Structure formats: structure tokens, C-alpha cells
Amino acid sequence: MNKIYLDNAATTPLDPEVITTMLEVMKNTYGNPSAVHAIGRQARVVVEEARKKVASFIHAAPAEVFFTSGGTEANNMVLRSAVKDLGVNHIITSPIEHHAVIDTAELIHQQNNVLLSLVKLDGSGSVDLVHLEEILATHTDKKTLVSLMHANNEIGNLLPLKKVAQLCKKYGVYFHSDTVQTMGHYTFDVRDLDIDFLTCSAHKFHGPKGVGFLFVNQNVQLKPIITGGAQERNMRAGTENIYGIVGLAKAMEIAYQHLDEHQKYIQELKTYLIEKLEQNIAGISFNGNPKGDSLYTVLNVLFPNSEMDEMLLFNFDIEGVCVSGGSACSSGSNTGSHVLRAINADMNKPSIRFSFSKYNTKEELDYTMNLIKNWFTGSSKN
Ligand code: PLP
């Protein structure tokens, strides 16, 4: 049976055009970009062309883009380097950040003399900007890094990036946004945003896994976390993942070429599922703020209790529908979801995250809805 893949916030399938581009490089470009001979130089050109392309999509200079093994590494680099190299002694973040940020911030707090402040969330799980400003105003004696994700990977809430960037400027603090769920899905202009750090992961927009980048504003000087080579202009040692880097650049190119069309199409899918669920399932509700400022690829549904409850996720899987409970990165059930806990979601009811891509169809959602109707109402008519 063909699977219905509705777990695109966890990862997306590769775009065939990305595969073609990567295969081309795999076949023809085997040099080490650090080697000075012709074969090495050829590989260097491939990496630098990719860097230029990636930088242009976010209006950055190529020298501000550092390739990494993905979002986790890029987030680690920001938090650890901010403390190590910029003298940051206060991190402000939120309780619903991805583990790559929140766990790293906790560790830094425990191991170094770094104050950790968690900003409050409102009832729907959005960051309370008044509280953020209160924290900033209280700690003007500290050197602060604000790290707040652009979109939450479990519930989809969007941060008003520009507003937060302006607030950070007002208080003269560093601002990092984990844009792993939004890069390739929204446009970014780092000059207009005036932001210090952004992080990206290619596999969230039909690029390869294990590659991403960190944007570091040219006004900020960091030193490497991973040492042992001069790659990435001395910022990240290790032979470049050239196939991944090329795949990342190609995936970004495709994403930005078709951005409006994909946004509209995927938003329609999300709205369609919301409507069908509300029309057909009594007692259904949503975690987060899906009809407000919300990532169009994510819908987190709080199902009413039924005889299957904890088995709901398993039942989707048996029926060939791939979804996730809470965060797929810590895959399985929602019991471990620090996000759902932090927003006071009803943990006695099953929460399921549906996340969409350009490859999903209304027919797939109809099939999924039919299953849900069958389980919750005993009827499977459309
Ligand atoms: N940040 C967010 C918001 C994510 O959703 C993820 C992946 O799920 C990451 C960071 C980690 O990215 P990567 O899988 O590239 O390490």
C-alpha cells in the first residue's frame, strides 16, 4: 500500500531535481575543495557557487553563510559561540524551542556562569513580547543573547521576527532565530531584519539530510566550535559535504522559485483539513493558533478521547498514514512533548501533528479524514 506522508515537519522527501543535481556532482566532482590542484579547485567552485546562491536568497553576503551538518549543529554553534566568543552571560529563550536550543541553553546555564531566562507564552503558545521586553529591561547590565524560533515545529506558532529583532536592537542584544522550519517556506531579508543569526536545515524543504547552514551577521565575529581544519573560513573544520551543500542550494532555489504557489497550495490543504475536522468530529480542537499567525505546513490536532487514545498514532500508521505525536524528532507518542506541556495542552487527550508539503493532495486528506470519521463517529461517508 502506498503510504500517505503527513510528517513533513520531521523531514521532507527529496525533490527529484535535487537528486539529479546531486548525482551530477557525485559523478563528476570528487576533489577535496581544500586541494590546490585542478580537481580540488573544481570542487571548491561547486561549494562557493552554492554558498553564493544560498546567500542571495536571504540577501546575505556569501561570507556570512557557514555550511554545517544541519540545524542542530548550527543552533549549537550560535549558543556556544555567543558565550565563548561574545561574552554573553545571559540567554533568553522560550520553553518551546527545539531541543537543539533549549537543551543546549540548559547545559550552558549549568556549566557556565550564564543566566537563563525563559520568556512566557500566551494561552495559544505564542511568545509574550511584553514579558520579553520586561526581561530585557531588567537585565541591561548583562550581555544577552535572545534565541527564539521563527516557527514552532510541533504547533506551528509563528514569531513576529521583525518585531523581536527591533526589540533586540533597542536593548543592544544579540538575536538568533531558529528558522529551520521556515527557511525555504518564507522569504528572508537579513539586511532588512537586521538579525545576528539564522539557522537552516535542508531536509525541511526537499533537500538532503545532514546539511544546513548558519547565517552570522558580518558585524559579529565568532570562533570555531569544531576545530582541526581551515574549512568554512576557519569557522567549521572538516572536509565539506559537497553533495549535501549542492543539494541544499538546489532545494533552496526550487523552494524560492515556486514559493508563492507552494504557500498557497499547502495553506489550502491545511485549511481544508481544519474545516473537515471541525465539520465532522465533535470536540475536536487544535494546539497552538492554527487560524492565526501559524506555519502553513503544520497542524497540531487535539482529538477527543475515544477507546483508542494512546493507540491513535499507531492506528494511523497501520492504515498507512504517517503522522506524528508531538515532535517527530523525539518520535513516538506525545508523552515526551515539552512543547505541549509548556502550552498546557490537555495531555489526557491524544495530540497528532499533521504536516504538509507540496507533494500532498486533497485526496490524501480525504482518505485520512475518512479514517478519522470512522474511528470517531463510526461513519466514513464524505
Ligand atoms: N530546529 C527545529 C525547529 C527543527 O524542527 C529541527 C528538526 O526537526 C531542528 C532544529 C534540527 O535540525 P536538524 O535535523 O537539521 O539537525
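Source: prediction; values computed, not measured.

What counts, and where the lines are drawn
- Residues numbered from 1 in each chain as written.
- Predicted model: local features only at pLDDT ≥ 70, side-chain atom pairs only at ≥ 80, totals over all residues.
- Heavy atoms only, no water.
- Helix = DSSP H or I, 4+ residues; strand = E, 2+ residues; numbered from the N terminus.
- Rg over C-alpha atoms; globule rule 2.2 N^0.38 Å.
- Buried < 20%, exposed > 50% of the residue type's maximum accessible area, 1.4 Å probe, protein only.
- Contact = heavy atoms within 4.5 Å.
- Areas by Shrake-Rupley, 256 points an atom, 1.4 Å probe, with all protein chains shown as cover.
- Lys, Arg positive; Asp, Glu negative; His and termini not counted.
- Charge placed at Lys NZ, Arg CZ, Asp CG, Glu CD.
- Pairing = 2+ DSSP bridges.
- Axes fitted to C-alpha atoms, helices over the stretch in contact; angles between N-to-C directions.
- Arc of directions from axis to C-beta.
- Polar contact = N/O pair within 3.5 Å; in protein donor to acceptor, adjacent residues only side chain to side chain.
- Core = buried A, V, L, I, M, F, W, Y, C linked by side-chain atoms within 4.5 Å.
- Domains from an automatic or database assignment.

Asks: Looking at this structure, how should I read the overall build of the chain?
Replies: The number of helices and strands found in the chain is 13 helices and 12 strands. By the compact-globule yardstick of 21 Å for 382 residues, the chain fits well, its C-alpha radius of gyration being 21 Å. Principal-axis analysis of the C-alpha atoms gives the chain an extent of 65 × 55 × 35 Å. Residue burial in the chain is summarised as follows: out of 382 residues, 57% are buried. Taking the contacts inside the chain whose residues are at least 6 apart along the sequence as the reference set, 71% of them involve residues at least 24 apart. Element-wise, carbon and sulfur atoms account for 52% of the exposed surface of the chain, whose accessible area totals about 16,000 Å². In the chain, 34 positive and 41 negative side-chain charges are present, and the distance between their average locations comes to 4 Å.

Asks: Hey, could you run me through unusual backbone geometry in this one?
Replies: Glycine aside, residues mostly have negative phi angles, and peptide bonds mostly take the trans form. Here the phi dihedral of His59 falls at roughly 60°; this positive angle occurs in a residue that is not glycine. As for its position among the elements, His59 is in the loop between helix H2 (38-57) and strand E2 (65-68). One non-glycine residue with positive phi stands out, namely Asp194, at about 55°. Among the secondary structure elements, Asp194 is positioned in the loop between helix H7 (190-193) and strand E7 (197-201). Owing to a relative accessible area of 34%, Asp194 belongs among the partly exposed residues under this scheme.

Asks: Honestly, the sheet that holds strand E10 (residues 298-302) in this entry has me stumped. Any pointers?
Replies: The 3 strands lie next to each other as E9-E10-E12, forming an open sheet whose pairing is antiparallel. Edge positions in the sheet fall to strand E9 (285-287) and strand E12 (351-355), since each of these pairs with one other strand and no more. For this sheet the average axis-to-axis angle between neighbouring strands, irrespective of direction, equals 40°. With 3 bridges connecting them, E9 and E10 associate as antiparallel partners. Bridged to Phe286 within E10 is Val301. The sheet strands contacting helix H10 (residues 259-280) are E9, E10 and E12, and the helix crosses E10 at an angle near 15°.

Asks: Could you clarify how one ought to interpret helix H5 (residues 129-138) in this entry?
Replies: Within an α-helix, residues lying three or four positions from one another point in the same direction, as the helix has 3.6 residues per turn. Along H5, the residues that are buried comprise His131, Leu132, Ile135 and Leu136. Each buried residue of H5 sits inside an arc of 140° when the element is viewed along its axis, so together they form one side. Seen from the open side of H5, the exposed residues pointing more than 90 degrees away from its buried face are Val130 and Thr138. The elements touched by buried residues of H5 are strand E3 (90-93), strand E4 (115-118), strand E5 (144-147) and helix H6 (161-170). With a side-chain oxygen lying 3.0 Å from the backbone nitrogen of Val130, the N-terminal cap of H5 falls on Asp128.

Asks: Where do I start with the nonpolar core in this structure?
Replies: Nonpolar side chains in soluble globular proteins generally cluster together in the buried interior. Counting 94 residues, the largest nonpolar core has Phe213, Leu277, Phe303 and Phe354 as the members making the most contacts within it. In terms of residues, this core owes the most to one element, helix H9 (residues 242-257), which gives 10 residues. Residues lining this core come from more than one domain, with at least three contributed by each of domain 1 (4-12 + 258-377) and domain 2 (16-257). Setting aside its immediate chain neighbours within four residues, Leu277 contacts Ile284, Phe286, Leu299, Val301, Phe303, Met369 and Ile372. Core analysis: the second largest hydrophobic core is formed by 23 residues, Ala74, Leu86, Val88 and Leu222 among them.

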